Amino acid sequence: MKRSNGVKNRSIIFVICFFGFFINIFTERNSYSETVRGVTNNSLKIGVIGDMTGPGVDTWGPIADGIKTYIKYFNDQNGIHGRKVKLIVEDDRFSIPLALSAFKKLAFRDKILAVIGASGQGQTYAIIPRLEKVKLPILAILAEPTYIIPARKYIYGVLPFYNDQIKIIFNYLQKDLKAKRPKISFMYMDSASSKPIVPLVRELSKKMGASLSEIVIPIAGIDMTSEVLRLRKVEPDYVIVNGYVANTAAILRTASKFKFKKPIFVTQYGAAKTTIELARGAASILLGVNCFGSFTDKSPGMTLLRNTKQKYDPGTEYEDRNFAQGWFVGLIMNEGLKNAGRNLNVKTLIKGLNNIRNFDTRGVCGIVNLSQQDHKAIDYHKIYKSDTKKKELVPITDWRKSER
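Residues numbered from 1 in each chain as written. Predicted model: local features only at pLDDT ≥ 70, side-chain atom pairs only at ≥ 80, totals over all residues. Heavy atoms only, no water.

Draft legend 1. Representation of the overall build of the protein chain within the structure. Scanning the protein chain from N- to C-terminus turns up 12 helices and 13 strands. A principal-axis box enclosing the C-alpha atoms of the protein chain has dimensions of 110 × 40 × 35 Å. A total of 404 residues make up the protein chain; the buried ones form 55% of that total. In the protein chain, the proportion of contacts linking residues at least 24 apart, taken out of those at least 6 apart, comes to 67%. Both charge centroids of the protein chain, one from 62 positive and one from 35 negative side chains, sit 5 Å from each other. (Helix = DSSP H or I, 4+ residues; strand = E, 2+ residues; numbered from the N terminus. Buried < 20%, exposed > 50% of the residue type's maximum accessible area, 1.4 Å probe, protein only. Contact = heavy atoms within 4.5 Å. Lys, Arg positive; Asp, Glu negative; His and termini not counted. Charge placed at Lys NZ, Arg CZ, Asp CG, Glu CD.)

Structure follows, in structure tokens:
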């Protein structure tokens with residue numbers, strides 16, 4: 001009787017240990033999936049919201065490709081702390097309702113750890129209150145300081161600010177070109193990205209004694225006849241454009257048609273090789289401000305970018321600076337994840353991003369510093385001029401930093 005009870009007790013203990021062992025394994029394997037949004041022991045999920053098929057696709061297509069290429073490279077290097085990134089890309093077609101829909105899917109169905117996007121200022125503004133409510137970090141495609149300065153806990157700006165670029169252009173006009181009381185025309189899109197810089201252009205024009213005319217251009221403009229005819233009527237000394245690739249190229253083509261030959265400065269997204277190509281020989285008057293290196297640069301960072309793209313897509317001859325922007329976003333996310341350590345969650349990711357100090361992108365762009373008080377990733381820019389023979393924008397200044 002005693003022996004039977006002993007065997008029975010040992011059997012019960014064995015069964016308890018057996019199930020305890022497998023429960024422990026199951027718990028370890030699924031601990032992150034059960035307690036941390038978007039993270040398992042060997043993976044993490046990042047969402048991207050951008051314009052993949054709408055009016056901004058000429059800009060956003062290369063950005064998304066740059067992000068995807070960096071993440072593929074990142075994963076092929078065994079990821080970070082044993083985890084690989086699963087990238088989930090959603091198309092908002094430059095639409096606020098679609099951006100909101102994409103955000104809801106990523107946040108509540110896909111349960112991502114962080115998001116990159118959205119396609120424009122208005123789209124990003126729309127999702128910010130919602131992501132702050134659910135405590136979702138964003139590497140925001142914002143080109144002005146409204147939601148970045150002062151720093152807000154979950155929002156990081158990974159774009160150059162348009163107001164910085166406008167200041168650099170005016171500084172170049174005054175100090176490099178010695179322009180005195182010039183006539184300036186400002187051509188800008190009727191979009192959220194333009195609204196903060198219109199008053200700045202007015203202010204800086206007034207300070208330098210310039211006369212200013214303003215012309216609104218369509219986001220997806222192809223025919224710029226009426227806009228350029230207005231330029232001809234005003235006859236400015238310099239033109240500043242806040243535009244994208246396609247509409248800037250349309251301005252250049254039409255300007256050539258009407259023999260308008262004054263310098264045209266374009267901000268970040270129009271300052272691309274693709275703009276020169278689409279201008280079809282009419283880009284000799286183009287100058288631009290951009291914070292990213294060129295695909296042909298021999299810097300270590302751009303050499304790695306170029307070699308990686310050509311490895312994954314053999315035959316690639318060139319990618320514009322919008323591709324470099326996407327790669328840069330991947331760099332920043334990687335650095336934040338690395339700093340976050342193995343115990344990854346929203347809190348440690350934010351701490352990791354805030355601990356990016358003197359990060360050398362090795363020529364992809366300038367030095368990056370982030371902190372709890374400073375969530376602005378980009379401070380440095382160069383001014384470029386079109387080389388129509390090479391079909392490339394070549395730098396005519398070193399890195400320049402605008403005063404905040």
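What follows picks up the thread again.
Draft legend 2. Representation of the side chain of Asn334. Following the sequence through the fold, Asn334 ends up in helix α11 (residues 321-340). Judged by its relative accessible area of 17%, Asn334 falls in the buried class. Those residues in contact with Asn334, other than ones at most four positions away along the chain, are Tyr70, Phe74 and Ile80.

Draft legend 3. Local environment of unusual backbone geometry. That bond from Gly117 to Ala118 is cis: its omega, 0°, falls within 30 degrees of zero. Among the structural elements, Ala118 can be located in the loop between β3 (114-117) and α4 (121-133). With omega at -5°, the peptide bond leading from Ile149 into Pro150 counts as cis. Not every positive phi belongs to a glycine, and Asn358 is a case in point at roughly 45°. With respect to the secondary-structure elements, Asn358 resides in the loop between α12 (346-354) and β11 (380-387). For Asn358, a relative accessible area of 59% gives the class exposed.

Draft legend 4. Spotlight on the environment of Val245. With respect to the element layout, Val245 can be found in helix α8 (residues 245-257). The class for Val245 is buried, based on a relative accessible area of 0%. Distance from Val245 to Gln268, taken between C-alpha atoms, is 9.6 Å for residues 23 residues apart in sequence. Discounting chain neighbours no more than four positions away, the residues touching Val245 are Asp58, Thr59, Tyr269, Gly270, Ala272, Thr274, Thr275, Leu278 and Asn322.

Draft legend 5. Quick peek at the packing of aromatic side chains. In total, this model carries 10 aromatic pairs according to the counting rule given. Between Tyr70 and Trp327 the ring centres are 4.9 Å apart and the planes differ by 90°, which places this aromatic pair in the edge-to-face class. Placement of Tyr70 in helix α2 (residues 57-76) and of Trp327 in helix α11 is noted, with a sequence separation of 257 residues between them. Plain terms: the ring middles of Phe292 and Phe328 are 5.5 Å apart, the flat faces sit at 55° to each other, and that makes the pair tilted. (Phe/Tyr/Trp six-rings, centres within 6.5 Å; stacked < 30°, edge-to-face > 60°.)

Draft legend 6. Spotlight on the environment of Gly288. As for its placement among the helices and strands, Gly288 is situated in strand β10 (residues 286-290). Classification of Gly288 by relative accessible area gives buried; the value is 0%. Taking the C-alpha atoms as reference points, Gly288 and Gln165, 123 residues apart in sequence, are found 9.3 Å from one another.

Draft legend 7. Molecular detail of α4. Under the 1.5 Å per step criterion, the end-to-end length of α4 is 19 Å for 13 residues, consistent within 8% with the ideal 18 Å. The sharpest bend along α4 comes to roughly 30°, located at Ile127, with the proline Pro129 sitting one to four residues further on. For α4, every residue scored as buried is listed here: Gln121, Gly122, Gln123, Thr124, Ala126, Ile127, Ile128 and Leu131. Looking at the residues trailing α4, positive phi occurs at Lys135, about 60°. (Expected span 1.5 Å × (residues − 1). Bend = angle between axes of the 7 residues up to and from the residue.)

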